[in-house]
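One-letter residues, chain by chain:
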Amino acid sequence: MTDLTKIPGIGKNMAQHLQNIGYTTIASLAGQDPEEIYLRDCAYQGCYVDRCVLYAYRLAVHYADNGGDLPPDKQNWWNWKD
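The following refers to the structure shown. These numbers were taken from a predicted model, which means no experiment stands behind them.

**Considerations on the overall build of the chain**
- The helix and strand tally for the chain stands at four helices and zero strands.
- Listing each helix as α and each strand as β along the chain from the N terminus yields α-α-α-α.
- Relative to the globule expectation of 12 Å for 82 residues, the C-alpha radius of gyration of the chain, 11 Å, shows essentially globular dimensions.
- For the chain, the C-alpha atoms occupy an extent of roughly 35 × 30 × 20 Å along the three principal directions.
- The contacts of the chain with a sequence gap of at least 6 include a subset with a gap of at least 24, amounting to 35%.

**Notes on the side chain of threonine 2**
- Looking at where threonine 2 falls in the secondary structure, it is placed in the segment before α1 (12-20).
- A polar side-chain atom of threonine 2 sits 3.1 Å from the main-chain amide nitrogen of leucine 4.
- Within the local environment of threonine 2, its side chain forms a polar contact with the backbone oxygen of threonine 24, the two atoms lying 2.9 Å apart.
- The residues touching threonine 2, leaving out its near neighbours within four places in the chain, are Ala15, Gln19 and Thr24.

**A look at the environment of threonine 2**
- Relative accessible area serves as the criterion here: at 14%, threonine 2 is assigned to the buried category.
- Distance from threonine 2 to aspartate 82, taken between C-alpha atoms, is 28 Å for residues 80 residues apart in sequence.

**What about the packing of aromatic side chains?**
- Applying the stated criterion across every chain yields a total of one aromatic pair.
- Ring centres of tryptophan 77 and tryptophan 78 lie 5.4 Å apart, and the angle between their planes is 85°; on these two criteria the pair is classed as edge-to-face.
- According to the relative accessible area criterion, tryptophan 77 is partly exposed, its value standing at 30%.
- Here the guanidinium or amino end of arginine 51 rests over the ring plane of tyrosine 38, the centre of that ring lying 6.0 Å away.
- Above the plane of the ring of tryptophan 80 lies lysine 74, whose end atom (NZ or CZ) is 4.9 Å from the centre.

**Details of the pattern of salt bridges**
- Under the counting rule described, the total for this entry stands at two salt bridges.
- Salt-bridge contacts for aspartate 82 lead to arginine 51; the nearest nitrogen and oxygen are separated by 2.7 Å. With aspartate 82 in the segment after α4 (51-65) and arginine 51 in helix α4, this residue pair connects regions lying 31 residues apart in the sequence.
- On the basis of relative accessibility, which here comes to 65%, the residue aspartate 82 falls in the exposed class.
- Taking relative accessible area as the criterion, arginine 51 reaches 32% and is therefore assigned partly exposed.
- Notably, a salt bridge pairs arginine 58 with aspartate 82, separated by 2.8 Å at the nearest N-O pair.

Reading the values: rules and limits
- Residues numbered from 1 in each chain as written.
- Predicted model: local features only at pLDDT ≥ 70, side-chain atom pairs only at ≥ 80, totals over all residues.
- Heavy atoms only, no water.
- Helix = DSSP H or I, 4+ residues; strand = E, 2+ residues; numbered from the N terminus.
- Rg over C-alpha atoms; globule rule 2.2 N^0.38 Å.
- Contact = heavy atoms within 4.5 Å.
- Polar contact = N/O pair within 3.5 Å; in protein donor to acceptor, adjacent residues only side chain to side chain.
- Buried < 20%, exposed > 50% of the residue type's maximum accessible area, 1.4 Å probe, protein only.
- Phe/Tyr/Trp six-rings, centres within 6.5 Å; stacked < 30°, edge-to-face > 60°.
- Lys NZ or Arg CZ within 6 Å of the ring centre and 35° of its normal.
- Salt bridge = Lys/Arg side-chain N within 4 Å of Asp/Glu carboxyl O.

Structural measurements only, silent on function.
Structure (structure tokens):
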């Protein structure tokens with residue numbers, strides 16, 4: 001079991017993606033570059049993953065960096081798109 005699923009937008013599937021590339025806890029995401037996490041996930045899967053995954057990683061890293069606080073207008077992964 002992982003605490004990653006406490007992050008909004010990170011369910012069991014996304015938590016498994018993160019675990020597969022070495023991020024096993026919320027704390028392990030702190031200070032990381034979401035773009036790098038996304039690229040590592042793409043490399044692990046051997047293909048480019050949908051960019052929505054990048055948006056979820058942006059939310060997850062912000063969540064980790066800020067003790068679980070998210071801005072009111074950034075509560076969902078789609079609020080983190082380009």
